[in-house]
Amino acid sequence: MDAATITAPAVLILLGPPGAGKGTQARMLEDKFGLVQLSTGDLLRGAVAAGTEAGKAAKAVMEAGDLVSDGIVTAILRDRMAETDCAKGVILDGFPRTTVQAEALDGLLASTDQKINAAISLEVDDTEMVTRISGRYTCAGCGEGYHDTYKQPAEDGKCDKCGHTEFTRRADDNAETVASRLSAYHAQTAPLIDYYQAQGVLKGIDAMGQIDDIARDLQALVGDIMD
Ligand code: AMP
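**Focus on the pattern of salt bridges**
Turning to step 1, where the next piece is worked out: Inspection of the entire model under this criterion finds 19 salt bridges.
Turning to step 2, where the next piece is worked out: When the shortest N-O distance is used, the salt bridge between Lys158 and Glu155 registers 4.0 Å.
Turning to step 3, where the next piece is worked out: Between Asp217 and Arg216 there is a salt bridge, and its shortest N-O distance comes to 3.3 Å.
Turning to step 4, where the next piece is worked out: Judged by its relative accessible area of 35%, Asp217 is partly exposed.
Turning to step 5, where the next piece is worked out: We classify Arg216 as exposed; its relative accessible area is 51%.
Turning to step 6, where the next piece is worked out: Salt bridges sharing common partners tie together Arg27, Asp31, Glu144, Lys151 and Lys161.

**Topic: the packing of helix 1 (residues 22–33) against helix 9 (residues 211–225)**
Turning to step 1, where the next piece is worked out: Between helix 1 and helix 9, the shortest axis-to-axis distance is 10 Å and the interhelical angle comes to 50 degrees. In terms of orientation, helix 1 lies oblique with respect to helix 9. The handedness of the crossing between helix 1 and helix 9 comes out as right-handed. Counting all contacts with helix 1, which are made through Thr24, Gln25, Met28, Leu29, Lys32 and Phe33, the residues of helix 9 involved are Ile211, Asp212, Ile214, Ala215, Leu218, Gln219, Val222 and Gly223.
Turning to step 2, where the next piece is worked out: Classifying every residue of the contact of helix 1 with helix 9 gives 8 nonpolar, 4 polar and 2 charged.

About the criteria used
- Residues numbered from 1 in each chain as written.
- Predicted model: local features only at pLDDT ≥ 70, side-chain atom pairs only at ≥ 80, totals over all residues.
- Heavy atoms only, no water.
- Salt bridge = Lys/Arg side-chain N within 4 Å of Asp/Glu carboxyl O.
- Buried < 20%, exposed > 50% of the residue type's maximum accessible area, 1.4 Å probe, protein only.
- Axes fitted to C-alpha atoms, helices over the stretch in contact; angles between N-to-C directions.
- Helix = DSSP H or I, 4+ residues; strand = E, 2+ residues; numbered from the N terminus.
- Parallel < 35°, antiparallel > 145°, perpendicular 65-115°, else oblique.
- Left-handed = near helix turned anticlockwise from the far one by under 90°.
- Contact = heavy atoms within 4.5 Å.
- Nonpolar A, V, L, I, M, F, W, Y, C, P; charged D, E, K, R; others polar.

Written out as structure tokens, the structure reads:
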């Protein structure tokens, strides 16, 4: 199925620990299905860079690898979802991360007559996550993601998508912060797997393989869900 056949705004959630590939896969789904990727991590990094009140409150928390308060994150997400492009449907990447956020999302969707089509869990082992996270970097021009081991630009130092030659690495992609982020995931986010199982919308994908193989399985699943 493709973007032209989607009739109602879809709401997809990607669940999974840091490094599972949520951002990479969300961008691919965005391209294929015409949905909008909403990454609360990106929105928060934008707020930090812009020096907003929310950004000032979030900065140190993010650097420590802890979760930003539910109030701040939910407000940022709610404002972004109210923008017109989100009427095409959204892929939530990195939200919700706590039960409080999941309940807030349920309330927000109910008030706008939307529902969750699927919460897709990207299933991976923790041991692999540290390697994945510590090698990743992003094009400073268009945000395309790369990895020292798994995904390098075809031409060394030049983004495949936009041709830009500058790249950035996230401040929180270091070994100590990764450990905190993984424990935050297990303590606060993993319980959402049961939460969405109980709602009957949980799906799982084996996300341990190559990016393109995972993308193929995930896109087939999303095609079926939205059929
Ligand atoms: P991410 O880009 O999804 O890995 O998020 C980077 C950091 O932003 C996380 O380690 C948290 O500090 C913060 N963050 C992103 N999304 C959320 C969320 N839904 N709830 C709380 N903190 C978040």
